[in-house]
Amino acid sequence: MAYKRNIDRLPIPPADAKTHNVVCHYCIVGCGYQAYTWPANKQGGTDPQENVFGADLAQQQYADSETWYTPSMYNMVKQDGRDVHMVIKPDPNCVVNSGLASPRGGRIAEMSYSDARQTQQQRLTDPLVWRYGQMQPTSWDDALDLVARVTAKVIEEQGEDGLFVSAADHGGAGGGYEFTWGTGKLYFGAMKVKNIRIHNRPAYNSEVHATRDMGIGELNNAYEDAELADTIFVLGANPLEAQTNYFLNHWIPNLRGSSMGKKEEELPGEAHAPGRIVIVDPRRTVTVNACEVEAGQENVLHLAPNSGTDLVLLNALFTHVADQGWVDQAFIDAHTALPGQDTDSAADEANMLPRKPTVKGRPAHLADFRTALEATRTSPEEAEQITGVSAADIRKAAEWIAKPKEGNARRRTMFCYEKGLIWGNDNYRTNGAIVNLALATGNIGRPGGGCVRLGGHQEGYVRPADGHVGRPSAYVDRLLLEGGGGVHHIWGCDHYKTTLNALEFKRVYKERTDKVKDAMNAVPYGDREAMVEAIMGAIRDGGLFAVDVDIVPTRIGEACHVVLPAATSGEINLTSMNGERRMRLTERYMDPPGQALGDGIIAARIANNLERVIRDAGNDAYADQFKGFDWQTEEDVFMDGYHQHASGGEHVTYDRLREMGTNGFQEPATGYEDGRIVGTKRLYTDGQFGTEDGRARFCVAVWQGLEAPGKEEQRATYKYLINNGRANIVWQSAYLDDENDFVTDRWPYPYIEMNPSDMDELGVKEGDLVEVYNDAGATQAMVYPTPTARPGETFMLFAYPSGVQGNVVNAGVNELIIPNYKQTWGDIRKIADAPRSVGHLSFKSKEYSAL
Amino acid sequence: MPCEKIVDLGRRQFLRGGALSAAGAAAATVMPQQAKARPASARVDYPSNRLANVSELTENEPLYVAYPDDEAQGVLLKLGTRVAEGVGPDGDIVGFSMICPHKGYPLSYSAGDRTFNCPGHYSRFDAEKGGMQTWGQATQNLPQYVLRIDDSGDIYAEGVDELIYGRTSNVL
């Protein structure tokens, strides 16, 4: 049967419970929470004076209660070495979520490390080293000495290009400004590491270079804009499941019409109506359904293009809007490139928000409005041929985007996109095309507008200059497959679950790291000199020495020789910013497990050890480069990094952020007045964009079919589209959910949504395990009947440990080494009847129905 | 969801959470003999409440009830097919809380695919799968009643397997 906790009563936080500011460390939205902690031997009561909420808890609380907490919001953890009760509950006063919890954030407490309640016991507690044929615990000094000696030796023999690095670039869980500065100062400051990649892609690059090259940072509006827009245009995103409370708390009120008062108040003097929405997605998602429920089908336009053809659709919308005279010519003239101007001059992206890798070079020409328009001119009828979306619907979408309102006022349209575009066909031009549309209609820097990615993790990037990385940056996974590098440092990444061409990557990576393991087995562990020499011998023979820094044992960690335990959000102080650049401090509310340390501090200790080892080897000049890592706390890292190096950082300290609570401020900070950090609600309100001359560029985004190598062949060869993405209750690669009973009970295997006619043809039933296979590899999934799926178009849960979708994603990338996960085709065959572990599952429609 | 039928709330449970913790606090500070009072049980004592008779149930038609008290709206359902937790002669009678465990909105029953649906944030729970959240925002599956049927066909609820929304104790 369905998993039940059989909890019938929860401990109550007493009136004197400690309160801590918490920002959910899972998705980009960054909902505000409060953590309440109190000693294990105390409890509050139901009388108002006996509990921290001051509420009568002996009564039934009603809908949207500000005081109720679920069993998943409770745990017992260590705080300063003592057991404490802990409740982590959504904050009703946070403007982001107004007290809402998603099914991910609602489990922050339950997904914390607890000895008393045996949750997340897989967390890493001690440094581990490969010793006598298995991973064994050791001290930080011992582990770091081995890491430093091997790393220094590899650099001595191969130069810094022999050190490969995989490091997340985000905020939120495990990340944040402290993480990126610590690792950044080590690899880009002390060293100039070039062979570096990010957690979800095989190179060091932005996911949205086009918008940045055009002068527009990708997080340029405020969440409130979703409440003010006349139309929301969303492409390749599923916000109900992937940015849940942004959608529920800011989009839905607009679609329901309940933000009308706010529209009248903030935007007087123009006609207002409840919002409309255009959703571009080849799949009918729960987002589409929820929008229809709230706004009525007449206000929801779901355009389902053929997979990978979004660029053509966008170009047709751009063309039609222009031909109808619905562009904002005054805006174009004043704020975008002039005809004949040298439009390819690079944007200054160094201080663009979010701060991101800034490497230069671009695949498509950037130009003025007219040049871009004429080069990309596409009629609705031409677009219908390629996209499969009717010309009539394309015209209708264009009207909803830009046809002037009553009184000839411009429509306010918010444009947004996420992984359907980012991991979709021709990332650069498609990104450019959606920004073209937003620029042409004058919707950037304007209330109710914006052209934004919706985001995955929170952001939290501040690093020294990265220009040495180059553009395109190194395709790190490919170099590793080709035998490149001698040592690999991995920070909060699990390529085995989240990369493309994953099966081949695993095969080669295992082979190379096994070589080193075998060499280590041949030497007594205590003989450090002989050990380092044995490792180096294996490296010279094509082996790879791998160091994994993470909070949990990862799949790639199984191949590693040293594993270093990191602390996560709430176990240390961490700062991040969300999808509207809202920066907050999550305060430490519990102890890290065992000896785990924050990543910034781990980076510092690696630097300290490298300095020592290199100095001992007699290279003082190089050793001196590793000075400046004397940090003891996360606050030290923050003050050295964000405070000194981020734009506006001089106004921001931990104490000031603490005061700003879960609402924080929106970056960039521009001052500190009356005890508050002054932020910036929207970017580009003055029409000054991030280019040298302040004028935004249009992108010459010409359609070139399926762009990444091997995709067109795959489409022609295999029967099924293996589209892929997220599930509401799973966070990222399930690195914590994997040990959460509620989640693994619901999804023991990744689902593959499939039209019943496809199921008939394949002879499979709900819950059956199938193999998905193609030229890149094979993986497994569980059949989920989905009548709304188009025949031949399946959708598989991405990055799930019990069936890695990346196994069947080929190695093809775009010009800037952005992977193309979404355009994957494969064949499907039955492996087994539904196993017992899925017999109790619900396989009904995921769409809410009032009937 | 209005309670169309609230029957036989039965013995009310008066040992409230507040009384429990007050007893605990008193024990720490006041008279030693107070500590000799009957120790609190580890779990709440659920009332055994008659909710309906089997004869009142029609297949796939919800019968609205309340349990463990009249503030806790719920439902009895005769599914027509035997399920793991089902009771009655056909093993097909189940009972659930009808308050969404996410934010406390009243659920509605969709007879078409036998799910409970929440108008607040679109969660849905499968009546035929122990209240499993088919899709949604809650971090728990739907609280289900432990049911017993006596020889006369009277249906009694005698427990709940998850915390009901809006309570720190299932029995107030």
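Note that the structure is a prediction, hence the values are computed from the model and not measured.

A. Looking closely at the confidence of the model for chain B. Residue and element names in this part refer to chain B. Of the residues in chain B, 79% reach a pLDDT of 70 or more, and the chain-wide mean stands at 85. With pLDDT under 50 throughout, residues 1-32 is counted as low confidence; its partners more than four residues away or in other chains account for 47 contacts. For this predicted complex, the interface confidence reaches an ipTM of 0.95, while the overall pTM sits at 0.95.

B. Representation of the packing of aromatic side chains in the model. All names here are of chain A. Enumeration over the complete set of coordinates arrives at 34 aromatic pairs over all chains. Relative to Trp251, the ring of Phe247 has its centre 5.6 Å away and its plane inclined at 50 degrees; by these criteria the two rings are tilted. You can see Phe247 and its partner Trp251 sitting in helix α6 (residues 244-256), 4 residues apart, about one turn around the helix. Comparing Phe247 with Trp251, the two get one shared label, buried. The structure contains a cluster of three or more aromatic residues connected by ring pairs, namely Tyr177, Phe638, Tyr642 and Tyr654.

C. Quick look at the pattern of salt bridges. Residues and elements named next belong to chain A. This structure, assessed with the given rule, holds 79 salt bridges over all chains. Two residues, Arg528 and Asp145, come together in a salt bridge whose shortest N-O distance is 2.7 Å. Linking Arg528 in helix α19 (residues 528-540) with Asp145 in helix α1 (residues 140-158), this pair joins segments that are 383 residues apart in sequence. Across the pair, exposure class does not vary: Arg528 and Asp145 are buried alike. Of the charged contacts, one joins Arg197 and Asp477 as a salt bridge, the two residues approaching to 2.6 Å between their closest N and O atoms. Of this pair, Arg197 sits in strand β8 (residues 196-197) while Asp477 sits in helix α16 (residues 476-481), placing them 280 residues apart in sequence. When sorted by exposure, Arg197 lands in the same class as Asp477, which is buried. Salt bridges sharing common partners tie together Asp169, Arg201, Glu207, Glu418, Lys419 and Arg453.

D. Broad picture of the sheet that holds strand β2 (residues 63-66) of chain B. Residue and element names in this part refer to chain B. Read from one edge to the other, the open sheet built from 3 strands follows the order β2-β3-β4, with strand pairing classed as antiparallel. Where the open sheet ends on each side, the last strands, each with one partner, are β2 and β4 (93-97). When the angles between neighbouring strand axes are averaged without regard to direction, this sheet yields 30 degrees. Sheet analysis places β2 next to strand β3 (residues 73-78), joined by 4 bridges and oriented antiparallel. Paired with Val65 across the two strands is Gly74, which belongs to β3.

E. Up close: the nonpolar core. Residues and elements named next belong to chain A. By size, the foremost hydrophobic cluster in this structure holds 245 residues, and its most contacted members are Leu146, Trp251 and Phe545. No other element matches α1, which puts 10 residues into this core. Beyond its immediate sequence surroundings of up to four residues, Leu146 is in contact with Val129, Met520, Tyr525, Arg528, Met531, Val532, Ile535, Phe545 and Val562. If you look at the next biggest cluster of nonpolar residues, it comprises 20 residues, including Ala727, Ile729, Tyr751 and Met782.

F. Layout of the environment of Asp8 of chain A. As for its placement among the helices and strands, Asp8 of chain A is situated in the segment before β1 (18-23). Linking Asp8 of chain A and Val552 of chain A, residues 544 residues apart in sequence, is a C-alpha distance of 31 Å. Ignoring sequence-local partners within four residues, the contact set of Asp8 of chain A consists of Arg43, Val44, Tyr46, Leu163, Thr168, Ser169 and Asn170 of chain B. Side chain to side chain, Asp8 of chain A and Arg43 of chain B meet in a polar contact 3.2 Å long.

G. Layout of the environment of Ala2 of chain A. Structurally, Ala2 of chain A can be placed in the segment before β1. Of the residues examined, Ala2 of chain A reaches a relative accessible area of 3% and is grouped as buried. Every residue in contact with Ala2 of chain A, bar those within four places of it in the chain, is listed here: Asp745 and His840 of chain A together with Lys129, Gly130, Met132 and Asn141 of chain B.

H. Just the pairing of strand β10 (residues 276-280) of chain A, in detail. Residues and elements named next belong to chain A. Of all 5 residues making up β10, 4 are buried, and the element is well covered by its neighbours. Relative to β10, strand β9 (residues 231-235) runs parallel, the two sharing 5 bridges. Bridge assignment links Leu235 to a residue of β10, and that residue is Val280.

I. Geometry of the packing of helix α9 (residues 310-323) of chain A against helix α11 (residues 369-376) of chain A. Residue and element names in this part refer to chain A. Closest axis-to-axis distance for the α9/α11 pair is 10 Å, and the angle between their directions is 120 degrees. Classified by the interaxial angle, the pair formed by α9 and α11 is oblique. Considering how the two elements wind past one another, α9 and α11 form a crossing that is left-handed. Counted together, Asn315, Phe318, Thr319 and Ala322 of α9 and Phe369, Ala372, Leu373 and Thr376 of α11 form the full contact between these two elements. Of the residues in the contact of α9 with α11, the class split is 5 nonpolar, 3 polar and no charged.

Definitions and limits used
- Here the residue numbers are simple positions, counted from 1 along each chain's written sequence.
- Written order decides the labels, with chains lettered from A and ligands numbered from 1.
- Under the rules for a predicted model, residues below a pLDDT of 70 receive no local features and side-chain atom pairs below 80 are neither given nor counted, while totals for whole chains, interfaces and linings still include all residues.
- To get the side-chain values, all heavy atoms of the structure are used, and hydrogens and water are removed first.
- Per-residue confidence from the prediction method is given by pLDDT, with values spanning 0 to 100.
- For this analysis, residues touch if any pair of their heavy atoms sits within 4.5 Å.
- Put simply, two rings from Phe, Tyr or Trp (the six-membered ring, in Trp's case) pair if the centres are within 6.5 Å, and we call them stacked under 30 degrees between planes, edge-to-face over 60, tilted for the rest.
- To qualify as a helix, a DSSP run of H or I must reach at least 4 residues; to qualify as a strand, a run of E must reach at least 2; elements of each kind are numbered from the N terminus.
- Each residue is placed in one exposure class: buried if its accessible area under a 1.4 Å probe, protein chains only, is under 20% of its type's maximum, exposed if it is over 50%, and partly exposed if it falls in between.
- The salt bridge criterion pairs a side-chain nitrogen of Lys or Arg with a carboxyl oxygen of Asp or Glu, the two atoms within 4 Å.
- A strand pair is defined by DSSP finding two or more bridges across the two strands.
- Angular values range over 0 to 180 degrees, each being the angle between N-to-C directions of two axes fitted as lines to C-alpha atoms, with helices fitted over their stretch in contact.
- What we call a nonpolar core is a set of buried Ala, Val, Leu, Ile, Met, Phe, Trp, Tyr and Cys residues that are connected through their side-chain atoms within 4.5 Å.
- In protein, a polar contact means a hydrogen-donor-capable atom and an acceptor-capable atom, both N or O and within 3.5 Å, with residues adjacent in sequence counting only if both atoms are side-chain atoms; elsewhere, any N or O pair within 3.5 Å suffices.
- Orientation is classified from the angle alone, with under 35 degrees giving roughly parallel, over 145 giving roughly antiparallel, 65 to 115 giving roughly perpendicular, and any other angle giving oblique.
- Handedness of each helix crossing follows the sense of rotation of the near helix against the far helix: counterclockwise by less than a right angle gives left-handed, clockwise gives right-handed.
- Throughout this entry, Asp, Glu, Lys and Arg are counted as charged residues, while Ala, Val, Leu, Ile, Met, Phe, Trp, Tyr, Cys and Pro are counted as nonpolar. The remaining residues, Gly among them, count as polar.

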